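Summary of the model geometry
Chain by chain, the residues:
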Amino acid sequence: MARSIAFRDALREAMSEEMRRDERVYLMGEEVAEYNGAYKVSQGMLAEFGPKRVIDTPIAELGFTAIAVGSAQNGLRPVVEYMTWNFAVLALDQILNTASKMLAMSGGQISCPIVFRGGNGSAGQLGAQHSTAFEALYANIPGLKVVSPSNGYDAKGLLKQAIRYEEDPIMFMESEQMYGDKMEIPEEEYYIELGKADIKKAGRDVTIVSFNKMMKVALAAADELEKEGISAEVIDLRTIRPLDWMTILESVKKTNRLVIVEEQWPFASVSSEITYRIQKEGFDYLDAPIRRITAADAPLHYAPNLVAAALPDVPRTVKLVKEVMYLQK
């Protein structure tokens, strides 16, 4: 059986199911308890699990992240919610210098099974300091795994996997613009392995790769291209580190063209890494240069016309696909 629920409800189900299963799992963050979460992801969880397992924190990201990291290294399995990943930069010392490095520094003796999660990337007119996409930044840190789902089904399965089975710190990147998105979610329990991309739409002429909310752009572009007889294969990365570049390579062997759509800044981005891997391992299969569309190489401004100009959209993605197919300049 399946039922239609919102993205935020899928996340809540994932956390609640794992908290019922394992008393070591707890949720900590700003407004997660009394206020039911800034985005209502944790609605009702305080009533079910109590204040010792659903913990409101002060506005002090470095402090409560340090508490969570220490508890993870001593046998608990915390889930830390940041109101936005933009605020998590205040806790980068604990994430980078402690959580990501302790397994190596302890000679494999001390792991850090912890999930950091919250809203990531642009969310409308929130200004430059609340609109950064962080997947590439955290994927550059050895010892961390980075998850960036595009829909509620994937989000639930990936979050349950991260909480239950992963012994490494997980950076779970959500989109504030997707919390209300609804889709069919099975009632049956399921898990999704990290590091496995998913082909959301099969195609033969060009491969389009994306993740998180930019998957909406990728899929909408594929629909527009289909009207013109162009068959695009659309791949959702789902996890950024580990990166499933082999699924992309196998697709490129079939389509011979690759376009990447992402919300990162262009320099040292996820598309940069994908491009290097595919040209190195699949150069002979390419009939055109790999192309990408990213966010503008600048802070995201408040004005809606500048937001629209800075982020990838369907018309520019369609245009880029036609360019790699040599249908227009």
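Placed above this text is the structure.
Just so it is clear, the structure is predicted and the values come from calculations on it, not from any experiment.

1. Focus: the layout of surface pockets
- Looking at the largest pocket, its volume works out to about 320 Å³.
- The wall of the largest pocket is formed by 15 residues, among which Ala139, Asn140, Ile240, Arg241 and Glu273 lie closest to the centre.
- Elements represented by at least two residues in the lining of the largest pocket include exactly helix H6 (135-139), strand E12 (239-241) and helix H10 (270-282).
- A total of 4 residues in the lining of the largest pocket trace back to one element, the largest contributor, which is H10.
- The residue inventory of the lining of the largest pocket, partitioned by class, reads 9 nonpolar, 3 polar and 3 charged.
- Forming the boundary of the second largest pocket are Thr132, Ala133, Phe134, Ala136, Leu137, Gln264, Trp265, Phe267 and Ala268.

2. Examining the nonpolar core
- The biggest cluster of nonpolar side chains holds 43 residues, and the ones touching the most others in it are Tyr138 and Ile274.
- Every residue in contact with Ile274, bar those within four places of it in the chain, is listed here: Val209, Leu237, Leu243, Ile248, Leu258 and Ile260.
- Listed in part, the 32 residues of the second largest apolar core include Ala14, Met45, Val79 and Ala155.

3. Brief notes about the pairing of strand E5 (residues 115-119)
- Here E5 lies mainly inside the structure; 5 of its 5 residues are buried.
- Where strand E4 (residues 77-82) and E5 come together, 4 bridges link them in parallel fashion. Bridged to Val79 within E5 is Val115.

4. Concerning empty space enclosed by the protein
- For the structure shown, the criterion picks out 2 cavities of 30 Å³ or more.
- The space that makes up the largest cavity amounts to roughly 50 Å³.
- Lining the largest cavity, in full, are Arg77, Pro78, Val79, Pro113, Ile114, Val115, Ala162, Ile163, Glu166 and Asp168.
- Broken down by secondary-structure element, the contributors of at least two residues to the lining of the largest cavity are E4 and helix H7 (152-165).
- For the lining of the largest cavity, a count of residues per class yields 7 nonpolar, no polar and 3 charged.
- The space that makes up the second largest cavity amounts to roughly 30 Å³.

5. A closer look at the environment of Arg117
- As for its placement among the helices and strands, Arg117 is situated in strand E5.
- Between the alpha carbons of Arg117 and Gly70 there is a distance of 17 Å; along the sequence they are 47 residues apart.

6. Quick look at the side chain of Asp205
- As for its placement among the helices and strands, Asp205 is situated in the loop between strand E9 (198-201) and strand E10 (206-210).
- A distance of 2.7 Å separates the side chain of Asp205 from the backbone nitrogen of Ser231, its partner in a polar contact.
- Apart from the residues within four sequence positions on either side, Asp205 is in contact with Gly229, Ile230, Ser231, Thr255, Arg257 and Met325.

7. A short note on the environment of Thr98
- For Thr98, the location among the structural elements is in helix H4 (residues 92-99).
- Taking C-alpha positions, Thr98 is 35 Å from Ala310, a pair spaced 212 residues apart along the chain.

8. What about the sheet that holds E10?
- Reading across the sheet, the 5 strands line up as E9-E11-E10-E13-E14 and stay open at both edges, with mixed pairing between neighbours. Looking at which strands have only one partner, the edges of the open sheet turn out to be E9 and strand E14 (291-293). Strand after strand, the sheet turns through a mean of 25° between neighbouring axes, direction not considered.
- Contacting E10, strand E13 (258-261) and E14, H10 runs over the sheet at an angle of about 165° to E13.
- Relative to E14, helix H12 (residues 314-324) is tilted by about 175°, and along the sheet it contacts E10, E13 and E14.

9. Things to note about the side chain of Glu262
- Position of Glu262 relative to the elements: it lies in the loop between E13 and H10.
- Of the side chains with opposite charge, Arg292 lies nearest to the buried Glu262, which makes no salt bridge, at 4.8 Å.
- A polar side-chain atom of Glu262 sits 3.4 Å from the main-chain amide nitrogen of Val270.

10. Remarks on the sheet that holds strand E6 (residues 145-147)
- Strand order across the open sheet formed by 7 strands is E3-E2-E4-E5-E7-E6-E12, with mixed pairing between neighbours. Where the open sheet ends on each side, the last strands, each with one partner, are strand E3 (54-56) and E12. Averaged over all adjacent pairs, the angle separating strand axes in this sheet is 20°, with direction ignored.
- Both E6 and strand E7 (residues 170-174) contribute to a ladder of 3 bridges, which runs parallel. Within the sheet, the bridge partner assigned to Val146 lies in E7 and is Met171.
- The sheet strands contacting H7 are strand E2 (25-29), E4, E5, E6, E7 and E12, and the helix crosses E4 at an angle near 135°.

About the cut-offs
Residues numbered from 1 in each chain as written. Predicted model: local features only at pLDDT ≥ 70, side-chain atom pairs only at ≥ 80, totals over all residues. Heavy atoms only, no water. 1 Å grid on protein atoms, 1.4 Å probe; cavity = no way out; pocket = protein on both sides within 12 Å on 5 of 7 lines; lining within 4 Å. Points joined across faces, edges and corners; volume = space filled by probe spheres on them. Helix = DSSP H or I, 4+ residues; strand = E, 2+ residues; numbered from the N terminus. Nonpolar A, V, L, I, M, F, W, Y, C, P; charged D, E, K, R; others polar. Core = buried A, V, L, I, M, F, W, Y, C linked by side-chain atoms within 4.5 Å. Buried < 20%, exposed > 50% of the residue type's maximum accessible area, 1.4 Å probe, protein only. Contact = heavy atoms within 4.5 Å. Pairing = 2+ DSSP bridges. Polar contact = N/O pair within 3.5 Å; in protein donor to acceptor, adjacent residues only side chain to side chain. Axes fitted to C-alpha atoms, helices over the stretch in contact; angles between N-to-C directions. Lys, Arg positive; Asp, Glu negative; His and termini not counted. Salt bridge = Lys/Arg side-chain N within 4 Å of Asp/Glu carboxyl O.

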